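One letter stands for each residue in the lines below.
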Amino acid sequence: MSTHGTEAPRPIRIALLGCGTVGGEVVRLLTEQAGELAARVGAPLELAGIAVRRPDKHPELPPQLLTPDPAKLIESDADVVVELIGGIEPVRDWLLAALHKGKSVVTANKALLAECSGELSEAADSSGADLYFEAAVAGAIPLLRPLRESLAGDRITRVMGIVNGTTNYILSAMDSTGAGYAETLDEASRLGYAEADPTADVDGYDAASKAAILASLAFHSRVTVADVHREGIAGVSSSDILAAQKIGRVVKLLAICERVTAEEGAESVSARVHPVMIPRAHQLAGVGGAFNAVYVEADAAGELMFYGQGAGGAPTASAVLGDLVTVARNRVLAGRGPRESAHAALPIRPMGQTPTRYHISLDVADRAGVLAQVAQVFAVHDVSIAAVRQRDRLSTASLVIVTHSAPDSALQSTVDEISRLDVVREVVSVMRVEGEDS
Ligand SMILES: NC(=O)c1ccc[n+]([C@@H]2O[C@H](COP(=O)([O-])OP(=O)(O)OC[C@H]3O[C@@H](n4cnc5c(N)ncnc54)[C@H](O)[C@@H]3O)[C@@H](O)[C@H]2O)c1
Ligand SMILES: N[C@@H](CCO)C(=O)O
Ligand code: NA
């Protein structure tokens, strides 16, 4: 659509699917900032309709716009579909239908994108529509657009960050109070941080979806949630938190996406989500409560850090509105934003072959030769030890070992074998580490 002469520009019509925590804030911002948004877009933004499960529960919204039927809105004359319902089916079918009809889509739905972004991108390409999803990862933080656009000329080697606010809140609270996981989760639920069903957050599914989206954009390859190694925080104990504190570290649930280059030069992508001990001086260590932060390394740019609110109605709506203004501008100018870039098609490196480092804390029998026996197990698995600390108590000694980098499967086998040694009384804590001690 172009604006010729003095003709008033045709409004850009928006079908809003879902009007809950995020959708409600999108409607508020669209209404409160209507004049400014129209000036930025070059045409007014107009709601064509709003789909909600129970229209009778929304007295605050204009009744003539409400429908319980998203499919009906997809069939309407809307130019853009903003999807804020969540989940995979039936949303996938609705959005595919919208894209095939040439309607641009803005969504915050990480679960859907992490499973079928390839299919959605192909549908967008087939009709020349836009597909934008900045709100799907790290809420308000501009992160996907910088990866997709600002860093398009660079070579990204690593994206690592805290992308789930619920688990970061729980781990921060465990670190400051010394309380256990179950107790802290209860407190987080009581305060309204954890959702009624916190499974997607605490078991790492939410972060794994975000890791898949980040790895796809950073490495120009299609990475789905099934490609991401996932461990949640339910297994993090107060012993782990204490063990981390004793070595000047803090436990965080990190999403880590890396470009791994093998000795013969072949490249692959490793994407994983698991608890990690990082030095207290690390940039990510100071990120507390429900905040998100993502650290990006690129060949020419060096190190970059993105920080801010990763969830919540208004912050997430900010990212949705940014995308909405962009796709609406593209409509006004009859243009299109960048397509999916998956040309590198890098293979996925299995977790077992991904280089990691471990921290292992053991209670062992306090007698001669124990350290040599433990060290022998590391040697057998070709795992090199970076540091050992030993402390004697009455009849036991505590042994703290930090390894050098080794394939994750070799480290796992080392821990399994050590835990079976007669001289090992208890494996107190085992966790991967990232970042060098200062
Ligand atoms: N809440 C956040 O902080 C946050 C942050 C980032 C991304 N997101 C994502 O944004 C999306 C929306 O999240 P939310 O927190 O606003 O959810 P919500 O549960 O508050 O709202 C969902 C809305 O969808 C509507 N809905 C559900 N099923 C429907 C159906 N079958 N037909 C019509 N309407 C239906 C509900 O009526 C409600 O209005 C999700 O994909 C979520 O993952 C949320
Ligand atoms: N449940 C998510 C919401 C934002 O995606 C979180 O805790 O970060
Ligand atoms: Na974002």
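First, a word on what this report is: a plain description of the structure on this page. (Residues numbered from 1 in each chain as written. Chains lettered and ligands numbered in written order. Predicted model: local features only at pLDDT ≥ 70, side-chain atom pairs only at ≥ 80, totals over all residues. Heavy atoms only, no water.)

### Digging into the coordination of the sodium ion (ligand 3)
Coordination sphere of the sodium ion (ligand 3), protein contribution only: Glu134 (O), Glu134 (OE), Val137 (O), Gly139 (O) and Ile141 (O), at 2.5 to 2.7 Å. Spacing between the donor residues of the sodium ion (ligand 3) along the chain follows E-x2-V-x1-G-x1-I. Taking the relative accessible area as the measure of exposure, valine 137 reaches 0% and is therefore buried. (Donors = N, O, S within 2.8 Å, 3.2 Å for Na, K, Ca; no water. Buried < 20%, exposed > 50% of the residue type's maximum accessible area, 1.4 Å probe, protein only.)

### Thoughts on the packing of aromatic side chains
Applying the stated criterion across every chain yields a total of 1 aromatic pair. Aromatic side chains phenylalanine 291 and tyrosine 307 sit 5.3 Å apart centroid to centroid with 10° between the ring planes, which places their arrangement in the stacked category. One end of the pair, phenylalanine 291, is in strand S11 (residues 291–298); the other, tyrosine 307, is in strand S12 (residues 302–309), and 16 residues separate them in sequence. Of the residues examined, tyrosine 307 reaches a relative accessible area of 48% and is grouped as partly exposed. Above the plane of the ring of tyrosine 132 lies arginine 148, whose end atom (NZ or CZ) is 4.8 Å from the centre. Note that arginine 230 overlies the ring of tyrosine 205, its terminal NZ or CZ placed 3.8 Å from the centroid. (Phe/Tyr/Trp six-rings, centres within 6.5 Å; stacked < 30°, edge-to-face > 60°. Helix = DSSP H or I, 4+ residues; strand = E, 2+ residues; numbered from the N terminus. Lys NZ or Arg CZ within 6 Å of the ring centre and 35° of its normal.)

### A short note on the site of ligand 2
In the neighbourhood of ligand 2, the contacting residues comprise Lys110, Asn164, Gly165, Thr166, Glu195, Asp201, Asp206, Lys210, Gly310 and Ala311. One of the side-chain nitrogen or oxygen atoms of asparagine 164 is found 3.5 Å away from an oxygen atom of ligand 2. In the environment of ligand 2, an oxygen atom lies 2.8 Å from a nitrogen or oxygen atom belonging to the backbone of glycine 165. Against a free-state accessible area of 260 Å², the protein chains account for coverage of 86% of ligand 2. Counting only elements with at least two residues in the shell around ligand 2, the list comes to helix H7 (165–177) and helix H10 (205–219). Partitioned by chemical class, the residues of the shell around ligand 2 number 1 nonpolar, 4 polar and 5 charged. (Near = heavy atom within 4 Å. Polar contact = N/O pair within 3.5 Å; in protein donor to acceptor, adjacent residues only side chain to side chain. Areas by Shrake-Rupley, 256 points an atom, 1.4 Å probe, with all protein chains shown as cover. Nonpolar A, V, L, I, M, F, W, Y, C, P; charged D, E, K, R; others polar.)

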